[in-house]
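Letter by letter, the chains look like this.
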Amino acid sequence: MAVCPKCKQKIPIFHIGQLCPNCKVNIRFYDFDKKFYHDAKKAELSLAKISILIAHLKANFIGSKLAVIRLCTMILPVLSLLVPYAGANISQPFYDGKLSLSALGLFNAFSDGSLDYVLAMKSGGPDRLAFISLFAAIIGIAVVTVFALLVFLLTVLSIINIRKMPKVICAVSLLGIAATITATVLCFRFPHTADIADGVLLSGNVSFGYVITVIAFAVVFVVNLLILKNGLNIIYKEGDIERKEIAKKVKNGEINLDDLPQPIVETEETRLIDKEIKQQQELYHKKENEINGEGGDDSEED
C-alpha cells in the first residue's frame, strides 16, 4: 500500500487519482524540484564514472603509438605457433601418419586421434622412450600455447588495471620465452631419441618455429616495458576525477548527496551551460516585457 509523501498517511489501493485523499497534495509532483536535483546530482556522478572508463579505454588501446603497437603485437605469439617447431613421422604396422609440432598440428592431432595413439604407444614396447620424448615435446608446445593465449587475453583485459597490467604481461612474456626454450630443447631431443631407439619406426625433424616465437614474445615484452616506463596518455575531462572521489564518499556514507550543490563540481562546461541558461532567461523576460508593454498601450488607448 502506498504512503503519501507529505502527510505519511496510507493511500487506499483502490485510489487512482493523483491527489492524496487526506491532505489533497499532488503525490506525483510533491517535492518534484528536490527529486529533480537529486537525480541530476546522481547522474552527474554516474556520468563521471563512464567518462573515466571511456578515457581509460581510449588510452589503453588507441591513446598513444605504444598502445596501438601493443594492440597490434598482442597476437604475434599466437600466430608464431602456426609455424612448426618440429615434425614427427610415424610408420607403424597398424598406423602411418605425420604429426606437426605446432599449435595447429596439436589441434589436428587431437581431432584425428594421433594424440591418443602417442599416449598409447608411450606406455610400453621398445619404442616407448621415443614416444615419451615425442609426448614431452607436445606438452612443451602446449605450455607455450597457453602463455601465448595469456598474452593475448591479458592485453585485451588490461583495462582492468592499466598501470599494473603491463608489468604482468612482461612477466608472462618472459615465462613464454622460457617455455619456448624448454619446448625447443624437447623438440631437438625427440629426433635424437627416435634415432637411437631399437626397433622404432619413428623419425623426426626440427624446424625454425621456435625462433619466431621467441622474437614474438620478446617484442611483446619490449612494448609493454616501454608502456610501463612511459605510461599511457590518459586524458580526463575537467572535474571527472573530483566527481569520482565524491562518488566514493557518497557511497561510503561520508557525504549526503542532498547536501551537495548542483552542479557538484563547477567546470568550464557547466559555466557555459549556466551562461546559456541566463541568456535564454533574459530573452524570455525581454519578450515578456515587450508583450506586457504592448498590452498596456492598448488598454490606455481604450
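Residues numbered from 1 in each chain as written. Predicted model: local features only at pLDDT ≥ 70, side-chain atom pairs only at ≥ 80, totals over all residues. Heavy atoms only, no water.

**A few points about the overall build of the protein chain**
Short version of the rule: Numbered from the N terminus, helices here are DSSP runs of H or I no shorter than four residues, and strands are runs of E no shorter than two. Radius of gyration means the value over C-alpha atoms here, while the globule rule gives 2.2 Å times the residue count to the 0.38 power. Throughout, a residue-residue contact means that at least one pair of heavy atoms, one from each residue, lies within 4.5 Å. With residues, only the protein chains shown are counted as cover, and all accessible areas are computed by Shrake-Rupley using a 1.4 Å probe. Positive residues here are Lys and Arg, negative ones are Asp and Glu, while His and the chain termini are left out of the count. Where a charge lies is defined by one atom per residue type: Lys uses NZ, Arg uses CZ, Asp uses CG and Glu uses CD.
Scanning the protein chain from N- to C-terminus turns up 10 helices and 3 strands. In terms of overall dimensions, the protein chain is more spread out than a globule: its C-alpha atoms have a radius of gyration of 35 Å, far above the 19 Å expected for 302 residues. Projecting the C-alpha coordinates of the protein chain onto the three principal axes gives extents of approximately 125 × 50 × 40 Å. A sequence separation of at least 24 residues applies to 66% of the contacts in the protein chain between residues at least 6 apart. When the accessible surface of the protein chain is summed, it comes to about 18800 Å², and 62% of that surface belongs to carbon and sulfur atoms. Treating the 32 positive side-chain charges of the protein chain as one cloud and the 31 negative ones as another, the clouds have centres 12 Å apart.

**With respect to the nonpolar core**
Applied cut-off: By convention a nonpolar core is built from buried Ala, Val, Leu, Ile, Met, Phe, Trp, Tyr and Cys residues, the set being connected through side-chain atoms within 4.5 Å. Only protein chains enter the accessibility calculation, which uses a 1.4 Å probe; a residue whose area is less than 20% of its type maximum is buried, one above 50% is exposed, and one in between is partly exposed.
By size, the foremost hydrophobic cluster in this structure holds 34 residues, and its most contacted members are Leu-99, Leu-101, Leu-134 and Ile-138. Secondary structure elements with two or more residues in this core: β1 (86-92), β2 (95-101), α4 (103-112), α5 (114-121), α6 (128-156), α7 (165-196) and α8 (209-230). Considering each element in turn, this core owes the most residues, 10 residues, to α6. Apart from the residues within four sequence positions on either side, Leu-99 is in contact with Ala-86, Gly-87, Ala-88, Gly-105, Ala-109, Val-118, Leu-134 and Ile-138.

**Digging into the environment of Ser-46**
In this fold, Ser-46 is placed in helix α1 (residues 32-61). Judged by relative accessible area, which is 36%, Ser-46 ranks as partly exposed. Taking C-alpha positions, Ser-46 is 54 Å from Phe-135, a pair spaced 89 residues apart along the chain.

**Notes on helix α9 (residues 240-251)**
Basically, it comes down to this: For a helix, the expected span equals 1.5 Å multiplied by the number of residues minus one. Picture the helix axis, draw a direction to every C-beta atom, and the arc is the one those directions span.
Its 12 residues place the ends of α9 16 Å apart at the C-alpha level, agreeing with the 16 Å of an ideal helix rising 1.5 Å per residue. Of all the positions in α9, only Asp-240, Arg-243, Ile-246 and Ala-247 are classed as buried. Buried positions in α9, seen along its axis, are confined to an arc of 115 degrees and lie on one side of it. Gly-253 lies just past α9 and shows a positive phi near 85 degrees.

**Comments concerning the pattern of salt bridges**
To keep it simple, the criterion reads: For salt bridges, the criterion is a side-chain nitrogen of Lys or Arg within 4 Å of an Asp or Glu carboxyl oxygen.
Tallied over the entire structure, the rule returns 4 salt bridges. Between Arg-243 and Glu-44 there is a salt bridge, and its shortest N-O distance comes to 2.8 Å. Of this pair, Arg-243 sits in helix α9 while Glu-44 is found in helix α1, placing the two residues 199 residues apart along the sequence. For the pair Arg-243 and Glu-44, one class covers both residues: buried. Between Asp-240 and Arg-243 there is a salt bridge, with the nearest N and O atoms lying 3.3 Å from each other. Placement of the pair is Asp-240 and Arg-243 together in helix α9, with a separation of 3 residues, close to one helical turn. Under the relative-accessibility criterion, Asp-240 is labelled buried at 5%. Overlapping salt bridges bring together Glu-44, Asp-240 and Arg-243 as one network.

**A short note on the environment of Asn-22**
Relative to the helices and strands, Asn-22 is located in the segment before α1. Expressed as a C-alpha distance, the spacing of Asn-22 and Gly-140, which sit 118 residues apart in the sequence, is 80 Å.

**A short note on the state of the cysteines**
For clarity, the threshold we go by: Cysteine sulfur pairs qualify as disulfides if the two atoms are within 2.5 Å.
This structure, assessed with the given rule, holds 0 disulfides. No disulfide involves Cys-23; its sulfur sits 3.6 Å from the nearest other cysteine sulfur, which is in Cys-4. You can call Cys-23 partly exposed: its relative accessible area is 28%. Its sulfur unpaired, Cys-170 is 17 Å from the next cysteine sulfur, which belongs to Cys-72. You can call Cys-170 buried: its relative accessible area is 5%.

**With respect to the packing of aromatic side chains**
The line we're drawing: Centres within 6.5 Å make a pair out of two Phe, Tyr or Trp rings, where for Trp the six-membered ring is used; the pair is then stacked when the planes are under 30 degrees apart, edge-to-face when over 60, and tilted otherwise.
On inspection of all chains with the given rule, the structure shows 2 aromatic pairs. Relative to Tyr-210, the ring of Phe-188 lies with its centre 5.8 Å away and its plane at 70 degrees, an arrangement referred to as edge-to-face. Of this pair, Phe-188 sits in helix α7 while Tyr-210 is found in helix α8, placing the two residues 22 residues apart along the sequence.

These values are about where atoms sit, not about what they do.
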